[in-house]
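A look at the structure
One-letter residues, chain by chain:
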Amino acid sequence: KLPSTVLNSKIYPMKYFVGGKPGKKATALLVYMHGGGNMMDINDLGWDQAKGFVNQLGIPVGIAPRVLDDTSAVGWAEPDSLTALIEMIKEFKRTYAVDTNQIYIGGYSMGGWGAPIVGAVHADYFAGVFGFGGGTDGNNAKNIMSNFYNLPISINIGQQDEDFGRLETCRMMRDALKELQQENPKAYKYEYKEYPGQGH
């Protein structure tokens, strides 16, 4: 039952919140991943904030899933959450009319960290990726960004958001995308914004 439901899977029982009015008319779909970490209470709070954000946007349809793994600081990048996210999108597409050319994914903090990973692994599912206060695996920034050949990405970070390597790895993502775009001028569309004076 909407607005909150659970993925119909014994292996990946991911909870997710649905904002907007899904129905018979195909609409764009936003998947928004919450911030949090390796504690259940923090993830519950992050999920509540994500639900509010999806509602405030006033978009046709938005989904705010709750991360499966409460033991990982980068839960959205864990294999179980990656699989569950795609199963959730498939389930939603079976249930409601979705414009499959307009599925977007993004998030904040842990969700902003996970969005580039999910986008890189499942680039063919999405029309765009965005992250706020996120980052990525700095050791593999160029390998991850190379999968964004035809997938636009927006990276947003505060200039004082330096914990956990967030600012540093966002800059690595930017530099990798800039290099990839120089190698392939017609590919790798990206937007990068740093906000002066802003933290996490």
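What comes next is a walk through the structure. Predicted, not measured: the structure shown is a model, and the values here were computed from it.

Describing the overall build of the chain
Helix and strand content of the chain: 5 helices and 8 strands. Helices and strands appear in the chain in the N-to-C order β-β-β-α-β-α-β-α-β-α-β-α-β. A globule of 200 residues ought to have a C-alpha radius of gyration of about 16 Å, and the chain, at 16 Å, matches this closely. Over its C-alpha atoms, taken along the principal directions, the chain stretches across nearly 45 × 40 × 30 Å.

Quick notes on the sheet that holds strand E7 (residues 153-158)
Strand order in this open sheet of 8 strands is E1-E2-E4-E3-E5-E6-E7-E8, and the pairing throughout is mixed. Either end of the sheet is taken by a strand with one partner, and the two such strands are strand E1 (4-6) and strand E8 (190-195). Going across the sheet, the axis of each strand differs from the next one's by a mean of 20 degrees, ignoring polarity. Sheet analysis places strand E5 (residues 98-108) next to strand E6 (residues 128-132), joined by 5 bridges and oriented parallel. Looking at the pairing, Tyr108 lines up with Phe132 of E6. Along the sheet face, helix H3 (residues 110-121) touches strand E3 (27-33), E5, E6 and E7 and points at about 140 degrees away from the line of E5.

Notes on the packing of aromatic side chains
Throughout the structure, instances matching the rule amount to 6 aromatic pairs. Between Tyr32 and Phe53, the ring centres sit 4.5 Å apart and the planes meet at 35 degrees, which makes this aromatic pair tilted. Within this pair, whereas Tyr32 is found in strand E3, its partner Phe53 is found in helix H1 (residues 40-57), the two being separated by 21 residues in sequence. A residue is classified by how much of its surface remains accessible, and Phe53, at 27% relative accessible area, is partly exposed.

Section: the nonpolar core
Grouped together as the largest cluster of nonpolar side chains are 45 residues, with contacts concentrated most on Met88, Phe126 and Phe148. Among the elements that make up this core, the one with the highest residue count is helix H2 (residues 79-95) (7 residues). Excluding residues that lie within four positions of it along the chain, Met88 makes contacts with Leu7, Met14, Tyr16, Val31, Ile63 and Pro65. In terms of nonpolar packing, the next biggest core, distinct from the first, is built from 8 residues, Phe17, Trp47, Ala50 and Ala64 among them.

Brief notes about unusual backbone geometry
Excluding glycine, residues mostly have negative phi values, and the peptide bonds linking residues are mostly trans. Positive phi outside glycine occurs at Ser109, with the angle close to 60 degrees. Inspection of the secondary structure puts Ser109 in the loop between E5 and H3. The class for Ser109 is buried, based on a relative accessible area of 12%. Of note, Tyr188 is a non-glycine position whose phi angle comes to about 60 degrees, a positive value. Locating Tyr188 in the fold gives a position in the loop between helix H5 (166-183) and E8. Under the relative-accessibility criterion, Tyr188 is labelled buried at 5%.

Conventions adopted
- The written sequence of each chain sets the order in which its residues are numbered from 1.
- Residue-level local features of this predicted model are given only where pLDDT is at least 70; pairs of side-chain atoms are given and counted only at 80 or more, and the full residue set underlies all totals for whole chains, interfaces and linings.
- As a rule here, side-chain values cover all heavy atoms of the structure and leave hydrogens and water aside.
- Each helix is a run of H or I in the DSSP string that is no shorter than four residues. Each strand is a run of E no shorter than two, and both are numbered from the N terminus.
- Computation of the radius of gyration draws on C-alpha atoms, with the globule rule given as 2.2 Å multiplied by the number of residues to the power 0.38.
- The rule for pairing is simple: two strands pair if DSSP sees at least two bridges between them.
- All axes here are fitted lines through C-alpha atoms, helices being fitted over the stretch that makes contact, and every angle between N-to-C directions spans 0 to 180 degrees.
- Note on definitions: a residue-residue contact is assigned when non-hydrogen atoms from the two residues lie within 4.5 Å.
- Ring geometry is summarised as follows: Phe, Tyr and Trp rings, the Trp one being its six-membered ring, pair when their centres sit within 6.5 Å, and such pairs are stacked at plane angles under 30 degrees, edge-to-face over 60 and tilted between the two.
- For every residue, the accessible area obtained with a 1.4 Å probe (protein chains only) is divided by the maximum for its type, and the residue is called buried under 20%, exposed over 50%, and partly exposed between those limits.
- Side-chain atoms within 4.5 Å are what join buried Ala, Val, Leu, Ile, Met, Phe, Trp, Tyr and Cys residues into a set we call a nonpolar core.

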